Every structure is written in C-alpha cells, then in structure tokens.
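Each chain is listed here by its residues.
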Amino acid sequence: TLKMKEYMDSGIIGDVFQMTIYTDHYNPSRDTRGTWMTCSGLGGGQTFSHGCHYIDIMLWFLGNPVKGTHLGTNHGTPWMDREGTSHAVIRFENGAVGYHTGTWGARGTTHPYKMEIYGTDGTLSYSTGGENSGKIMLIKKNGYDEEKRLNSVLWEKSKSSGKHTDGEIAHFVSCILSGETPITNGRTSTTGLRVIWKLYDAEMKDEVADLRGLGFNLPFIEEPICDFDCDS
C-alpha cells in the first residue's frame with residue numbers, strides 16, 4: 001500500500017480519476033456468530049467490519065470525500081446480520097471516484113485482494129491472485145490497439161517479507177519511541193468509520209450520502225452523525 005501511494009504521488013500515471021479496490025473472501029459463520037464480525041449492534045456488516053480498511057485507504061489516497069452511495073445484501077451470506085456483500089462508491093473533492101466492492105461469501109475468486117488506480121497516463125495495479133500476484137504493475141494502453149499495450153513490474157513483494165502486520169507493528173513501535181504520529185491514527189480512522197455510517201444511513205433512506213465535513217483535519221464531532229440504531 002505504501003508503494004502504491006508512493007508511485008501514485010510520483011505522477012507516473014498522471015491525474016488520478018478512479019481508484020478501485022476488490023476484496024473477495026469466504027468467511028462463513030463458524031465461531032463468529034454474535035461477534036463484532038457479524039452482529040450489527042457490535043460492528044455492522046462487511047463494509048464496517050472489513051471494508052473500513054479500504055475506505056481508509058481511499059480517503060488517504062484521494063483526499064476529502066464529498067458524496068457517496070452504498071448498496072449491500074446478505075443474500076448468499078445468511079450468517080450476517082447486515083450485509084455480507086457490499087458496493088460503496090465515493091466522490092472526492094478533487095473529482096476522483098473511489099469504488100470498493102467486497103464480499104464474505106466468495107466460494108472462489110481469482111483475486112481475493114486487488115487494488116487499481118487509474119490515471120490519465122496509465123494504471124497502477126496490485127493483486128494477490130493470478131500470474132502477477134504480489135506485484136505492482138504499471139499498465140499503459142493506447143485505445144484498443146493491443147500492440148501498444150505496455151505492462152511493466154514496478155515492485156514485487158519478497159517471499160521472505162513476513163506477515164502483513166510485521167511492518168505495521170514495527171512502524172507503531174517506532175512512533176511510540178520517537179513520538180511521531182502513526183501513518184494510520186485514531187483521528188483518520190474515525191473519519192473512515194463516520195463515512196461508512198453516513199453511507200449506511202443514506203442507504204436506509206434511499207439517498208445519496210453527504211460526506212462533506214468529514215475531512216481529516218476537522219475536529220471530532222460530538223453529536224451522533226447518523227440515525228441508525230447502533231444499539232439494536
């Protein structure tokens with residue numbers, strides 16, 4: 001994720017206009033029934049419990065949100081109180097659009113995790129499935145002419161890099177020792193959760209969510225930001 005952000009900020013793909021994140025997994029109830037992963041009163045559906053990570057990433061990459069929509073269903077994931085499959089679309093102040101789709105009902109998939117960033121000069125792509133698994137690809141194509149297609153590997157994950165959380169924990173410990181603010185901190189994470197509850201609330205009302213005023217640098221909001229019964 002850090003490398004994708006680095007390449008995007010370098011301007012290698014030009015002006016970014018869309019970011020898409022797919023997370024397709026199979027997470028049956030087993031021992032999760034009644035826990036925060038499946039219970040609406042403790043956490044929410046797939047978007048709140050898992051998609052929050054990818055809403056966070058889109059906010060970090062694309063900036064302040066303006067408006068958005070959410071559609072979800074627990075069809076195919078009956079163990080979920082709220083949605084087990086979801087689609088969230090967010091428009092940002094800079095005009096770019098972010099899209100996240102995720103499911104906990106995928107009995108099979110070619111890309112359990114995939115992130116693509118589309119710019120005016122090319123596309124950045126990372127996936128954990130397929131022949132380019134673990135690689136950040138730069139993809140350039142001129143119209144429909146396949147002969148003018150350019151795919152190049154910018155970065156590849158080392159097989160000895162350890163667990164995904166190793167770098168995260170090392171960064172957090174470093175911030176404790178140095179007093180620096182972590183890349184992911186409480187304030188920005190709360191912003192992502194506010195966005196999701198706004199999307200949930202608008203979905204219940206068949207409306208487009210107004211996401212203005214939920215930016216990273218604004219003070220915390222003391223009053224509730226949605227009408228959803230969080231204690232149900």
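The coordinates are above.
Residues numbered from 1 in each chain as written. Predicted model: local features only at pLDDT ≥ 70, side-chain atom pairs only at ≥ 80, totals over all residues. Heavy atoms only, no water.

**A word on the pattern of salt bridges**
As enumerated under the stated definition, the model contains 6 salt bridges in all. For Lys5, the salt bridge identified is with Asp9, shortest N-O distance 2.8 Å. With Lys5 and Asp9 both in helix α1 (residues 2-9) and 4 residues apart, the pair spans about one turn of that helix. Its salt-bridge partner being Arg212, residue Asp210 comes within 2.9 Å of it at the nearest N-O pair. (Salt bridge = Lys/Arg side-chain N within 4 Å of Asp/Glu carboxyl O. Helix = DSSP H or I, 4+ residues; strand = E, 2+ residues; numbered from the N terminus.)

**Things to note about the sheet that holds strand β1 (residues 16-24)**
Taken together, 9 strands build an open sheet; the order of strands is β8-β7-β6-β5-β1-β4-β3-β2-β9 and the sheet is mixed. Both edges of this open sheet fall to β8 (150-156) and β9 (209-210), since each of them pairs with a single strand only. In terms of strand pairing, strand β3 (residues 85-92) meets strand β4 (residues 97-103) through 7 bridges, oriented antiparallel. Residue pairing in the sheet places Arg91 in a bridge with Val97 of β4. Lying on the sheet, helix α2 (residues 46-62) is in contact with β1, β2 (65-73), β3, β4 and β5 (113-119); it crosses β1 at an angle near 155°. (Pairing = 2+ DSSP bridges. Contact = heavy atoms within 4.5 Å. Axes fitted to C-alpha atoms, helices over the stretch in contact; angles between N-to-C directions.)

**Overview of the nonpolar core**
Membership of the largest hydrophobic core comes to 36 residues, with the highest contact counts inside it found for Met19, Ile117 and Leu124. Breaking this core down by element, the ones donating at least two residues are α1, β1, α2, β3, β5, β6 (122-127), β7 (135-140) and α4 (186-204). Contact partners of Met19, with chain neighbours within four places excluded, come to Ile57, Met58, Phe61, Leu62, Val97, Gly98, Tyr99, Met115, Glu116 and Ile117. (Core = buried A, V, L, I, M, F, W, Y, C linked by side-chain atoms within 4.5 Å. Buried < 20%, exposed > 50% of the residue type's maximum accessible area, 1.4 Å probe, protein only.)

**A word on the pairing of β2**
In terms of strand pairing, β2 meets β3 through 8 bridges, oriented antiparallel. Note that in β3 the partner of Leu71 across the bridge is His87. Bridge count between β2 and β9: 2 bridges; the pairing is antiparallel. In the sheet register, Lys67 faces β9, and the bridge partner there is Asp210.

**Comments concerning α1**
By the burial criterion, the buried members of α1 are Met4, Lys5, Tyr7 and Met8. The buried residues of α1 occupy an angular sector of 165° when projected down its axis, which confines them to one face. As for α1, its buried residues are in contact with β1, α2, β5, β6, β7 and β8. Positioned one or two residues after α1, Gly11 has a phi angle of 85°, which is positive. (Arc of directions from axis to C-beta.)

**Quick look at the environment of Phe48**
Topologically, Phe48 is positioned in helix α2. Separated by 152 residues in sequence, Phe48 and Tyr200 have C-alpha atoms that sit 9.2 Å apart. Not counting chain neighbours up to four residues away, the residues in contact with Phe48 comprise Gly43, Glu83, Leu193, Ile196, Trp197 and Tyr200.

**Thoughts on a nonpolar patch on the surface**
A contiguous nonpolar patch, built from Leu2, Trp60 and Ile183 and spanning about 280 Å² of accessible area, is present on the exposed surface. Secondary-structure assignment places Trp60 in helix α2. With relative accessibility at 33%, the residue Trp60 sits in the partly exposed group. (Patch = residues over 30% accessible without salt bridge, like charges linked within 9 Å, V, L, I, M, F, W, Y side chains within 5 Å. Areas by Shrake-Rupley, 256 points an atom, 1.4 Å probe, with all protein chains shown as cover.)

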